[in-house]
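Structure assessment
So the chains spell out like this:
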Amino acid sequence: MFHILGGAAGGGYSQVIPMEEFNLHLTGDIHAVTASNNLLAAQLDARMFHEATQGDESLYNRLVPKVKGKRTFSKIQLRRLYKLGISKTDPESLTPEERKSFARLDIDPNTITWTRVVDTNDRFLRKVLVGLSPTEKGHTRETGFCMSVASEIMAILALATDLTDMKERLGNMVVGLSKAGDPVTADDLGATGAMAILMKDAIEPTLMQTLEGTPVMVHAGPFANIAHGASSVVADRITLKLVGPQGYVVTEAGFGSDIGMEKFFNIKCRSSGLVPNAVVLVSSVRALKMHGGGPTVTPGIPLNKVYVENYLQKGLPNLQKHISNGVKFGIPVVVAVNTFATDSPAELDLVRRVSRENGAFDAVICNHWALGGVGAVDLADAVVAACNKPSSFRFLYDLDVSLDEKIKIIATEMYGAGNVELNDKVKQLIEQYNKLGYDKMPLCMAKTSLSLTGDPALKGAPSGFTLPITDIFVSVGASFVVPVVGEISKMPGLGTRPSIYDMDLDTETGEIEGLF
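Residues numbered from 1 in each chain as written. Predicted model: local features only at pLDDT ≥ 70, side-chain atom pairs only at ≥ 80, totals over all residues. Heavy atoms only, no water.

- Looking at an unreviewed UniProt entry, the protein chain carries the name formate--tetrahydrofolate ligase, with the source organism given as Timema cristinae.
- The UniProt entry for the protein chain carries the following comment under Subunit (unreviewed entry): "Homodimer."
- Under Pathway (unreviewed entry), UniProt gives the following word-for-word description of the protein chain: "One-carbon metabolism; tetrahydrofolate interconversion." (UniProt positions renumbered as here; feature names shortened; annotations may be inferred.)

See below:
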């Protein structure tokens, strides 16, 4: 919001209010995610420090101290003993070898994947060196920050079915591997309960409304080109219960069909057990002109005048590909064409006709930005009709196929790639994940939203290209594996003129200016 993209409350007469609260702290869910994430990061570094500076017996005595002359394992420590196959519950009864096994996680610093997060676009935190104070006794390591919405904890918040499920997922998060190659979890670090406490209120969705009084559940925001980009399972279930069997719920899948929709179906639907009745694919003449060869559209810079010219015909294959992607899941696709003042009737008619000819159930011109709900009545009617149509939902891939094959299926079916290129690091990690049993998880592709390919500058609907997988990591708590396509940054940076220049607070009225 303080960079260039603005908020996420909608716009014009189609937005959620109060917009200022929505785009700022609201109920503090992002702060809870940030605090929980960074608590785990702090415990990770602290534990490595204490293991490096203490002997086995000293470390054990501090982890299980005597209180009034007696030692007692905490609940989370008993879980670690169980994981290690140690059935004893009396701290005094452990052998020296058992004490060492219990006390030492022996984390390999080169395998750590957990980073700190912050809810600010700060490019200088992308790579940092921690532990430089003399009090850390030379135990430094290179790490970095991600934005808070890219934290695995945000993805867990969105996918958890209830508080118990969320707590279990938090405990299952893997921060790295031991030097023996075993996964080290948040539960091993003793952090599960504390993180659950920080997140206990965040599991509850926030009830808001549109300008016209339509109820809106606002909950979770996993960043769509890194995580799965969908609002929470909890919010979906609550709203479905509220509207009843004859009601309708519109839920979100961020970005296009290649990212948001694919992840919604293959990750969220598997987690929730819910299946939608229709897909609403949002497009515009302006967007299609960009995919047809129009100049780059840069947020914050006035639109190039050539966008009144006809790049539309060349951009239509992009829309056709997105429609095709939706149809592959067996769900009817309704195309919603958002209008702009520069659109001609002929252009809008062309988009509608091409959509219908290429598999869309319907294509509807929408003007809700200018007119509010009245401008989306035709869209609502089309969605109701699509929901009443029999459908045969199917996943894109089976969880039993290999990670390599899942990547290939998504790349060829969703993106139009001809082949996939895995670098040596990715191949080694896939072998490691296979041994650890992570190969049975769905994929959460980290990819640019600006192109069907891994190159944000390549527009339209390319085919036959090579998709480079440059990295891969696993989010065990969220229960998905994340292949990284090309260059993806988990920490945006502020531009030359971020939106902060236009923001102000009227100290007399308390009104906020410049948010959008």
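Here the narrative resumes.
**Some thoughts on the sheet that holds strand E17 (residues 466-475)**
- Sheet architecture is open: three strands sit in the order E16-E17-E18, paired in mixed fashion. Across the chains shown, the open sheet's two edge strands, defined by having one partner strand only, are strand E16 (419-422) and strand E18 (480-485). Along the sheet, successive strands turn relative to each other by an average axial angle of 45°, direction set aside.
- Pairing of E17 with E18 involves six bridges; the strand directions are antiparallel. Each bridged residue has a counterpart across the sheet, and for Val474 the counterpart in E18 is Val481. (Pairing = 2+ DSSP bridges. Helix = DSSP H or I, 4+ residues; strand = E, 2+ residues; numbered from the N terminus. Axes fitted to C-alpha atoms, helices over the stretch in contact; angles between N-to-C directions.)

**Re the nonpolar core**
- The biggest cluster of nonpolar side chains holds 98 residues, and the ones touching the most others in it are Leu40, Met173, Tyr433, Met445, Leu467 and Val481.
- Looking at this core, the element that brings in the most residues is helix H16 (residues 403-415), giving seven residues.
- Not counting residues within four places of it along the chain, the set of residues in contact with Met173 comprises Leu40, Trp114, Glu152, Ile153, Ile156, Val184, Thr185, Ala186, Met195 and Gly477.
- Among the nonpolar cores identified, the runner-up in size contains ten residues, and Val364, Cys366, Val383 and Cys387 belong to it. (Core = buried A, V, L, I, M, F, W, Y, C linked by side-chain atoms within 4.5 Å. Buried < 20%, exposed > 50% of the residue type's maximum accessible area, 1.4 Å probe, protein only. Contact = heavy atoms within 4.5 Å.)

**Side note on the sheet that holds strand E13 (residues 279-284)**
- Taken together, the three strands give an open sheet; going across it, the order is E13-E14-E15, and neighbouring strands pair in parallel fashion. The outermost strands of the open sheet, each flanked by one partner alone, are E13 and strand E15 (362-366). Each adjacent strand pair in this sheet contributes to an overall mean axis angle of 25°, direction not counted.
- The pairing of E13 with strand E14 (residues 333-338) spans six bridges and is classified as parallel. If you follow Val280 over to E14, its bridge partner there is Val334.

**Section: the side chain of Thr185**
- With respect to the secondary-structure elements, Thr185 resides in strand E10 (residues 183-185).
- Not counting the four nearest positions on each side in its chain, Thr185 is found in contact with Lys83, Gly171, Asn172, Met173 and Val174.

**Comments concerning the pattern of salt bridges**
- Per the stated rule, a full pass over the model turns up 24 salt bridges.
- For Lys127, the salt bridge goes to Glu142, with nearest N and O atoms at 3.9 Å. Linking Lys127 in the loop between strand E5 (116-118) and strand E6 (128-130) with Glu142 in strand E7 (residues 141-143), this pair joins segments that are 15 residues apart in sequence.
- Between Glu413 and Lys328 there is a salt bridge, and its shortest N-O distance comes to 3.1 Å. (Salt bridge = Lys/Arg side-chain N within 4 Å of Asp/Glu carboxyl O.)

**Some thoughts on helix H12 (residues 312-327)**
- Spanning 16 residues, H12 covers 23 Å between terminal C-alpha atoms, matching the ideal 22 Å at 1.5 Å per step.
- Along H12, the positions that sit buried rather than exposed are Leu312, Gly315, Leu316, Asn318, Leu319, Lys321, His322, Ile323, Asn325 and Gly326.
- Of the surrounding elements, those touching the buried residues of H12 are helix H10 (257-272), E13, helix H11 (285-291), E14, helix H13 (345-357) and H16. (Expected span 1.5 Å × (residues − 1).)

**Observations concerning the domain arrangement of the protein chain**
- Segmenting the protein chain into domains produces domain 1 (29-199), domain 2 (209-388) and domain 3 (403-485).
- Placing a centre on the C-alpha atoms of domain 1 and another on those of domain 2 gives a separation of 40 Å.
- At the junction of the two partners, domain 1 supplies 13 residues and domain 2 supplies 17 residues.
- Interface area, domain 1 with domain 2, both sides summed: about 1100 Å², of which 68% is carbon and sulfur.
- Considering only the side of domain 1, the residues that lose the most area to domain 2 are Ala158, Leu159 and Thr161, jointly responsible for 44% of the buried surface there.
- For the pair domain 1 and domain 2, the interface holds four residue pairs in polar contact (both at pLDDT 80 or more).
- Per-element tally for the side of domain 1 that touches domain 2: the top contributor is helix H6 (residues 152-159), with five residues. (Domains from an automatic or database assignment. Buried area = accessible area lost by both parts, 1.4 Å probe. Polar contact = N/O pair within 3.5 Å; in protein donor to acceptor, adjacent residues only side chain to side chain.)

**A word on the layout of surface pockets**
- Taken as a whole, the second largest pocket spans an internal volume of roughly 1500 Å³.
- Taken together, 50 residues line the second largest pocket, and the ones lying closest to its centre are Ile112, Thr113, Asp471, Phe473 and Lys490.
- For the lining of the second largest pocket, the secondary structure elements donating two or more residues are E7, strand E8 (145-147), H6, strand E9 (174-177), helix H17 (424-436), E17 and E18.
- Tallied by class, the residues present in the lining of the second largest pocket amount to 26 nonpolar, 15 polar and nine charged. (1 Å grid on protein atoms, 1.4 Å probe; cavity = no way out; pocket = protein on both sides within 12 Å on 5 of 7 lines; lining within 4 Å. Points joined across faces, edges and corners; volume = space filled by probe spheres on them. Nonpolar A, V, L, I, M, F, W, Y, C, P; charged D, E, K, R; others polar.)

**Some words on the pairing of strand E2 (residues 14-17)**
- Pairing between strand E1 (residues 10-11) and E2: two bridges, direction antiparallel. Across the sheet, residue Gly11 finds its bridge partner in E2, namely Ser14.
- Counting the residues between successive antiparallel strands, the hairpin from E1 to E2 contains two residues, one of them, Gly12, with a positive phi of roughly 60°.
- Relative to strand E11 (residues 206-210), E2 runs antiparallel, the two being bridged by two bridges. Paired with Val16 across the bridge in E11 is Thr210.

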